[in-house]
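Secondary and tertiary structure notes
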Amino acid sequence: MINNISYVKDCYGCGVCAIACGKKIIKLKYNKDGFYEPFIIDSGKCTECGLCVEVCSYNHDDISLTNPQIASYAAWSKDAQIRRKCSSGGVGFEVAKTILSNGGKVCGVRYNAEKNLAEHYVAATDQELIPSIGSKYIQSYTVDGFNDIIKQLRQAKKQGENPTYLVTGTPCQIDSFRRYIQKFRIEDNFILLDFFCHGVPSKLMWDKYVAHVEKQVGRLTYVSWRNKFTGWHDSWAMAIDGEVKGEPVDWHESYNLLIREKKSYLNSRRSQGDMFYRLFLSDSCLGKACYDKCKYKYDQSSADIRIGDAWGTAYKDDECGVSAVLSNTQKGVNILKKSNCTFVEHTLALILEGQQKKCPKRHVAYDMVMNNISNKNSTIEDVCKSFNRFVWKHRQIKRLLSPVQTLCDIIKKGRR
C-alpha cells in the first residue's frame, strides 16, 4: 500500500498532512462537492516517509488524547461586552486573551471577506484577536495559520524562549494537530481548544448563499454566523455587513449602536427561514466524513478544552449566553482558572445536555441537494425550493405508507 495520503478521499480536510510534509508537496484544494481535500502535487518527490498518514486523524480509529480527566463547567466572561459579542459565554475569547497576556500567541479562525473563506491565522495582540470572535459555520483553511504558529514556535525556541500557544479548531483539526505536536515532541508548548461541532457544510452552498445576500447588501465586509441581537436562545442568526457605493461598514459601530443609516446590513434568522441555516441544520449538505467518520461527539475530544453552548434546562432562561466547558487536561484547568471568567461546576450530564451524542444522519435529500449545489446555474433559492418540495413529498409518502407499515408490524408481532 502506498504510504502517503494519495488514497485518502472525502476526509476531514484538516490540512495537517500538508504541514507535516517535509517536501511541501501536499496542498489542500476543494473537491467536487466543495470540501477541502489533500492532493499530492508532485508524486515524484514523495519519499513515502509516512508522516502525512501518521498525523491524519481520519486515518486512525482512536483519538490522540488518552486518559482525559474531564471536569465540566458552565461559564461566562466577567466582561459584559465580551459576553454580549460572543456566540455563547465568551470563554474561548477570554482564554485566548489570557494566553496573549502571558506572552503567548493564538492561532484562531477569522472570516476573510475578500477571499470569501474562513481561515486560520495567528494573533499576537488583543486587537488582532477580535476577528476570531464568534462562530464560523463553514470549513476553515488551516494550512497558512498552522504553518505560521509552528514557525514562530521554532524561532522562539532558537532564541531560548519557551512560550505557550493556543490553537483552536474543529475537533478533527485539533486531533490531527495534536498528533503532529506529539510526533515532533512540542506538545508541552500548546494548549488546544475545540468545540461541540455539528459538522461543516459545502463551500458551494455558502458561495450560493453569498451570491444571494450580496444582491441585497453589496460586497460582504463582515459576517457573524451567530449573534444575540434577539437573545441567546434565538441566536441562529446571520449578521452580515456589506459595502454600499464603496463605503465599508464599521462592524463595531454596527454592533454596539445598531445604526444602519447609509450602511447595508442584513440580520437573517433561522426562525424566519434563513436559507443557509435551513440547509446546514437539516444535515443535507455536510461533508461525508461528518456523517460516517466523526468520532468526536459528546465528550470525545483531543483538546485540552472543549467549549459550546450550555443549552440545557439549567440555563434555559438566561439570554446573556453561557458556555458549556469541558476541561480534559490539567493544562486546560490551569488556563481556565487564570481567565477572566465565572465558572460553575456541574455534572457532565448537565453540561452535555442538548449536545449531539452521535454523528448527524444524512438527510434523505442529500444526493438531490448536493447535485443542485454542484450545478453552477442554480441559485440558493433553487436549492431550497427543490429541498422543500422533496421534503414535502417524502412526508406525504410516509403518511400514506404509515397504515401499511403499522399493519406489517402487527403481522410480524403476531408471528412471534
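Here's a quick rundown of the structure. Please read these numbers as outputs of a predicted model, since none were measured by experiment. (Residues numbered from 1 in each chain as written. Predicted model: local features only at pLDDT ≥ 70, side-chain atom pairs only at ≥ 80, totals over all residues. Heavy atoms only, no water.)

**As for the overall build of the chain**
Quick note on the threshold: Each helix corresponds to a stretch of at least 4 residues labelled H or I by DSSP, and each strand to a stretch of at least 2 residues labelled E; elements are numbered beginning at the N terminus. Only the C-alpha atoms count toward the radius of gyration. The rule for a globule is 2.2 Å times the residue count to the power 0.38. Exposure categories follow from relative accessible area, calculated using a 1.4 Å probe and restricted to protein chains: below 20% of the type maximum is buried, above 50% is exposed, and the middle band is partly exposed. Each accessible area value is a Shrake-Rupley result obtained with a 1.4 Å probe; residue values ignore everything except the protein chains displayed when judging cover.
Helix and strand content of the chain: 15 helices and 14 strands. Taken over the C-alpha trace, the chain has a radius of gyration of 22 Å; the compact-globule value for 416 residues is 22 Å, and the two agree within 12%. Overall, the C-alpha framework of the chain stretches about 75 × 60 × 50 Å when taken along its three principal axes. Residues classed as buried in the chain amount to 53% of the 416 residues present. Only carbon and sulfur atoms are counted for the fraction: they give 50% of the accessible area of the chain, which is about 20,000 Å².

**Concerning the sheet that holds strand β3 (residues 71–77)**
Here is the rule: A pair of strands is treated as paired once DSSP finds two or more bridges between them. Residue contacts are counted whenever heavy atoms from the two residues lie within 4.5 Å of one another. Each axis is a line fitted through C-alpha atoms, and for a helix only the stretch in contact is used; angles between axes span 0 to 180 degrees, taken between their N-to-C directions.
Strand order across the open sheet formed by nine strands is β6-β5-β4-β7-β8-β12-β13-β3-β14, with mixed pairing between neighbours. Bordering the open sheet on either side are β6 (140–141) and β14 (341–345), each of which pairs with just one other strand. Here five bridges tie strand β12 (residues 305–309) to strand β13 (residues 323–327), and the two strands are oriented antiparallel to one another. In the sheet register, Asp 309 faces β13, and the bridge partner there is Ser 323. Running at roughly 135° to β13, helix α12 (residues 330–338) makes contact with β3, β8 (190–195), β12, β13 and β14 of the sheet.

**Topic: the sheet that holds strand β11 (residues 264–269)**
The antiparallel open sheet is built from three strands, whose spatial order is β9-β10-β11. Because the sheet does not close on itself, it has two edges, and the strands there are β9 (219–224) and β11. For this sheet, the mean inter-axis angle between neighbouring strands, taken without regard to orientation, is 20°. Both strand β10 (residues 237–243) and β11 contribute to a ladder of six bridges, which runs antiparallel. Opposite Asp 241, over in β11, you have Tyr 265 as the bridge partner.

Just geometry here; none of it tells us what the structure is for.
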